[in-house]
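# Understanding the architecture of this molecule
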Amino acid sequence: MENKKIMIVVGEASGDAHAAKLVKRLHEISPNINFFGATGAKMREEGVETIVKADDLSIVGLLEIGRALPMFWKTFQKLKKTAIERKPDAVILVDFPDFNLKLAKALKKQGIKVIYYISPQLWAWRKYRIKTVKNSIDLLLTILPFEKDWYAKEGFDRVEYVGNPLAGEIKVETSKEEFCQKHNLDFSKPIIALLPGSRHKEIVRILPMMLETTNIMSKQNKDLQFVVAIASNRKLNEFEEAKNKIGDLPNNLVVVQNETWGALKASDAAAVTSGTATLETGIIGTPMAIVYKTSALNYKLLRPLIDVPHFGLINLIAQERLAKELIQDDFTPETLAAELFHLLETEKNKQFRQRLNEVNETLGHGGTAKRAAQAIFNLLQNS
């Protein structure tokens, strides 16, 4: 392929990581591609020219986003102007849908070929944005197996499923024996992992209920052991704050950080806050209960907008209620304890693990970036 120019745009750290791998794979296919755009640190390491730094775009919270609107507008205009001036052969937009779908619309009007990597979750909510996708996207690369069929039903067929990147990234080097030895756990007794989420509000609302669950379960079975896996972006004092609300906890409870995958691999069952962690847990193969709780106002406002049969990502991929979902009022320490006891039953545990193995086969076994790069290369060759 002759020298090609590609603009690539990310807005968050996760997108930066996916984009960097994609750039690397595209350079392996065609070393002469010139990349530029909105970059994160990993993309810059791959030699992508920086038009704007994506590091400044990852903002959460309505108030913070409101304050940053002038910056977003300036960034949008700069990227649009650069694309018009440089006339890239294609622009690759990675995740970050609120920004990137608007950019896709603007660039398509300029006659630029638009590729979208990691589909916006229109199947969950804001389905009306399908119109923008149909009108503005030349190729949509999805990482969830059910998405291609969903788009087909909506009348959009310029979609390729390239596998899920997590399927190739989750590798647990630590054995259960090593994990137990490190944390003074008894290898022969049941272990339950508790994943309270990666956001502060999740920790505040969900972790205390998980800790109450440990007390309920310990009273019924003193052999049970618990591992609270704190997300790498959280602070350990958040666990202490939750613990202070509960008081005494079982003696056989440990807290780990940066060892979530190891904790899951060592565990017989897990309570997992709804989100990407349910997919990680499924890939590792640990039977789970999915929990979530937000404020009553948020739930009342957001629930009517969510148009999916399941909250849990692993359930959506399985296309069945594989893991029990305890959401909002259904989530109590008592209901969670009952479900975790159920998951510890030998036959239930075995069946759950077998079904997870089947679901994992649909995710691929790595190579997502390579498949995505080949799909993009094919599109550019045929244009």
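Scroll up to find the structure this text is about.
This structure is a prediction, so every number in the text was calculated from the model and none was measured.

The rules behind each value
- Residues numbered from 1 in each chain as written.
- Predicted model: local features only at pLDDT ≥ 70, side-chain atom pairs only at ≥ 80, totals over all residues.
- Heavy atoms only, no water.
- Helix = DSSP H or I, 4+ residues; strand = E, 2+ residues; numbered from the N terminus.
- Rg over C-alpha atoms; globule rule 2.2 N^0.38 Å.
- Buried < 20%, exposed > 50% of the residue type's maximum accessible area, 1.4 Å probe, protein only.
- Contact = heavy atoms within 4.5 Å.
- Areas by Shrake-Rupley, 256 points an atom, 1.4 Å probe, with all protein chains shown as cover.
- Lys, Arg positive; Asp, Glu negative; His and termini not counted.
- Charge placed at Lys NZ, Arg CZ, Asp CG, Glu CD.
- Pairing = 2+ DSSP bridges.
- Axes fitted to C-alpha atoms, helices over the stretch in contact; angles between N-to-C directions.
- Salt bridge = Lys/Arg side-chain N within 4 Å of Asp/Glu carboxyl O.
- Right-handed = clockwise from strand over helix to strand, strands pointing away.
- Parallel < 35°, antiparallel > 145°, perpendicular 65-115°, else oblique.
- Nonpolar A, V, L, I, M, F, W, Y, C, P; charged D, E, K, R; others polar.

### Observations regarding the overall build of the chain
- On a plain count of helices and strands, the chain comes out with 17 helices and 13 strands.
- A globule of 383 residues ought to have a C-alpha radius of gyration of about 21 Å, and the chain, at 22 Å, matches this closely.
- C-alpha extents for the chain along the principal axes are approximately 70 × 40 × 40 Å.
- Sorting the 383 residues of the chain into buried and exposed places 52% on the buried side.
- Long-range contacts, defined here as pairs at least 24 residues apart, represent 68% of the contacts in the chain between residues at least 6 apart.
- If you sum the accessible surface of the chain, you get close to 18400 Å²; carbon and sulfur atoms cover 49% of it.
- Looking at the chain, you have 53 positive and 46 negative side-chain charges, and the mean spots of the two groups are 7 Å apart.

### Remarks on the sheet that holds strand β7 (residues 159-161)
- The strand order across the open sheet formed by 7 strands is β3-β2-β1-β4-β5-β6-β7, and the pairing between neighbours is parallel. Because the sheet does not close on itself, it has two edges, and the strands there are β3 (49-53) and β7. Across the sheet, the axes of successive neighbouring strands diverge by a mean angle of 20°, strand direction being ignored.
- In terms of strand pairing, strand β2 (residues 34-39) meets β3 through 4 bridges, oriented parallel. Looking at β3, one finds that G37 is bridged to T50.
- Packing of helix α1 (residues 13-29) onto the sheet brings it into contact with β1 (5-9), β2, β4 (90-94) and β5 (114-117), and relative to β4 it is tilted by some 145°.
- Seen against the sheet, helix α17 (residues 368-381) touches β1, β4, β5, β6 (139-142) and β7 and runs at an angle of roughly 170° to β6.

### Examining the pattern of salt bridges
- What the rule picks out here adds up to 18 salt bridges.
- E85 is the salt-bridge partner of K81, the closest N and O atoms lying 2.7 Å from each other. Placement of both K81 and E85 in helix α3 (residues 62-86) is noted, with a separation of 4 residues, approximately one turn of the helix. Like K81, the residue E85 is exposed in the burial classification.
- Of the charged contacts, one joins R126 and D98 as a salt bridge, the two residues approaching to 3.1 Å between their closest N and O atoms.

### Things to note about the pairing of β2
- With respect to burial, β2 is a largely interior element, 5 of its 6 residues being buried.
- Pairing between β1 and β2: 5 bridges, direction parallel. Its bridge partner lying in β2, V9 is registered against A38.
- Taken together, β1, α1 and β2 form a β-α-β motif whose crossover is right-handed.

### Notes on the environment of A38
- Topologically, A38 is positioned in strand β2.
- Between the C-alpha atom of A38 and that of M7, which follows or precedes it by 31 residues, the distance is 8.2 Å.
- Residues contacting A38, with those up to four places away along its chain left out, are I8, V9, V10, M43, V52, A54 and L79.

### Here we look at the packing of helix α15 (residues 333-344) against helix α16 (residues 346-361)
- Two numbers describe how α15 lies on α16: the axes approach to 5 Å, and their chain directions differ by 85°. One finds that α15 runs roughly perpendicular with respect to α16. Side by side, α15 and α16 meet where H342, L343 and L344 of the first sit next to T346, K348, N349 and F352 of the second.
- Grouping the constituent residues of the contact of α15 with α16 by class yields 3 nonpolar, 3 polar and 1 charged.

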